[in-house]
Amino acid sequence: MTTMEQTVAEILRAGAGILAADESTGTIEKRFKSANIPNVETNRRDYREMLFTTKGMEQHISGVILFDETLRQKSRAGVPLAKLLADKGVVPGIKVDAGTTALHGAPGELVTQGLDKLGERLKEYKALGARFAKWRAVITIGAGIPTPYCIEANAHALARYAALCQSEGIVPIVEPEVLMDADNTIETCFQVTCDTLHCTFDQLYKQRVVLEQMLLKPNMVVSGKKCATQASVEQVARETLRCFRRTVPAAVPGIVFLSGGQSDEHATAHLSAMNALGKHPWVLSFSYGRALQAPSLKAWAGQEANWSKGQAEFAKRAKLNGLAQLGKYNGAMEKEPALV
Ligand code: 13P
């Protein structure tokens, strides 16, 4: 039987990271719409199969987060998609939260749901091949928010989820995401991210989560998208590290960042800059959704004839982020053509 430490070590192998392909049916609808792709089950299956069968992707992708539907789907040749990944040495994972809902008594703030019967669902997911899981909490920056109440409610649920995962031998990815959509400065993002991580680790400690058997998936410390002054790559790297050194225990083996709406190139450049400033107590890697998939989705556009073009774009982003995990990416590499 695989231990949780083994799963963590496989996911954190050098030069690789996680593909977050766990968009719910509603979220993939938004992504598909941007490329005029009908959101039907066969298209969702074909899209994921196209990504997962990309030649050599396993060199730079060590784990893939799946959505419930995808974990139950088979490739066109009849192989379960989770098995297809596992056979390539890529660890299958599963999104287990049920999305966000309004937080009672806290206008404009959200709490993540999905704890009901989670233990039973985890047993089923494990039988279907999942070895790690993800739960995303969302913290919104705005006038007078986030409140300490919102941060605590989300941290409590994250820790409940993580504890349940560990009871089932599944590695929890703990994802408290401070959104980057507002007009706030990088300083505000720094403070809110520090507060969020501080409270999250307090709850993880109180609920007896074993830090060596989990991964943290946070936002980077960045300027809000609508802020007039945008921080440089160097500043993002330094501020993110300053925040994590204050709040993330060294016992946590790895930090796998979300991209959160950053451009593909920024997400890669930021990760590489942080790794180039190493050595750090944790492995710094990626768990990107949009920043790994956007060019590929555009190139595929739901057309069979574009399958290999979609794969070439995905292979390129996977490779560049793999280099960023080693601190070896530079912007000039973006000019290299995507190779089929
Ligand atoms: P993005 O990288 O697109 O933010 O997605 C990562 C993810 O899994 C969000 O929960």
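Look above for the structure.
Just so it is clear, the model here is predicted, and its values are computed rather than measured.

Asker: I would appreciate a short explanation of the site of the ligand in the present structure.
Answerer: Within the structure, the ligand sits among 13 residues, and Lys134, Lys217, Ser259, Gly260 and Arg290 are positioned closest to it. Within the side chain of Glu175, a nitrogen or oxygen atom sits 2.9 Å from an oxygen atom of the ligand. Between Gly260 and the ligand, the recorded distance is 2.7 Å, taken from a backbone N or O atom to an oxygen atom. Coverage of the ligand by the protein chains reaches 92% of its 300 Å² of free accessible surface. Taken together, the elements giving at least two residues each to the shell around the ligand come down to β6 (132-139) and β10 (283-288). Partitioning the shell around the ligand into residue classes produces three nonpolar, four polar and six charged.

Asker: Where do I start with the pairing of strand β7 (residues 171-178) in this structure?
Answerer: Regular strands place their side chains on alternate faces of the sheet. With eight of eight residues buried, β7 is to be regarded as a mostly interior element. Residue alternation in β7 divides its side chains into two sets, Val171, Ile173, Glu175 and Glu177 and Pro172, Val174, Pro176 and Val178, and both sets are buried. Sheet topology note: the β6/β7 ladder contains eight bridges and is parallel. Looking at β7, one finds that Arg136 is bridged to Glu175. Here β7 pairs with strand β8 (residues 215-216) via two bridges, running parallel. For Ile173, the partnering residue across the bridge sits in β8 and is Leu215. The handedness of the β7 to β8 crossover, carried by helix α8 (residues 186-206), is right-handed.

Asker: I'm lost on the environment of Leu216 in this one. Help?
Answerer: Take Leu216: it is sitting in strand β8. A residue is classified by how much of its surface remains accessible, and Leu216, at 0% relative accessible area, is buried. Among all residues touching Leu216, those that are not within four sequence positions of it are Val174, Pro176, Leu197, Phe201, Val248, Val252, Gly254, Ile255 and Val256.

Asker: Help me understand helix α11 (residues 290-300), please; the structure alone is not making it clear to me.
Answerer: In an α-helix, one turn spans 3.6 residues, which is why side chains three or four residues apart end up on the same side. Every buried residue of α11 is accounted for by Ala291, Leu292, Gln293, Ser296, Leu297, Ala299 and Trp300. The positive-phi residue at the C-terminal boundary of α11 is Ala301, with phi of around 50 degrees.

Asker: Would you take a moment to explain the side chain of Asn154 for this structure?
Answerer: In this structure, Asn154 sits in helix α7 (residues 148-167). Note on Asn154: relative accessible area 2%, which makes it buried. With near-sequence residues (within four places) excluded, Asn154 lies in contact with Leu110, Val111, Thr112, Ala137, Val138 and Ile139.

Asker: How should I be thinking about the packing of aromatic side chains in this particular structure?
Answerer: For any pair of aromatic rings, the description consists of the separation of the ring centres together with the inter-plane angle of the planes. Inspection of every chain in the model, using the stated rule, returns seven aromatic pairs. Three or more aromatic residues joined by ring pairs form one cluster here, namely Phe32, Tyr47 and Trp300. The positively charged end of Arg242 is found above the aromatic ring belonging to Phe190, 4.2 Å away from the centroid.

Cut-offs applied
- Residues numbered from 1 in each chain as written.
- Predicted model: local features only at pLDDT ≥ 70, side-chain atom pairs only at ≥ 80, totals over all residues.
- Heavy atoms only, no water.
- Near = heavy atom within 4 Å.
- Polar contact = N/O pair within 3.5 Å; in protein donor to acceptor, adjacent residues only side chain to side chain.
- Areas by Shrake-Rupley, 256 points an atom, 1.4 Å probe, with all protein chains shown as cover.
- Helix = DSSP H or I, 4+ residues; strand = E, 2+ residues; numbered from the N terminus.
- Nonpolar A, V, L, I, M, F, W, Y, C, P; charged D, E, K, R; others polar.
- Buried < 20%, exposed > 50% of the residue type's maximum accessible area, 1.4 Å probe, protein only.
- Pairing = 2+ DSSP bridges.
- Right-handed = clockwise from strand over helix to strand, strands pointing away.
- Contact = heavy atoms within 4.5 Å.
- Phe/Tyr/Trp six-rings, centres within 6.5 Å; stacked < 30°, edge-to-face > 60°.
- Lys NZ or Arg CZ within 6 Å of the ring centre and 35° of its normal.

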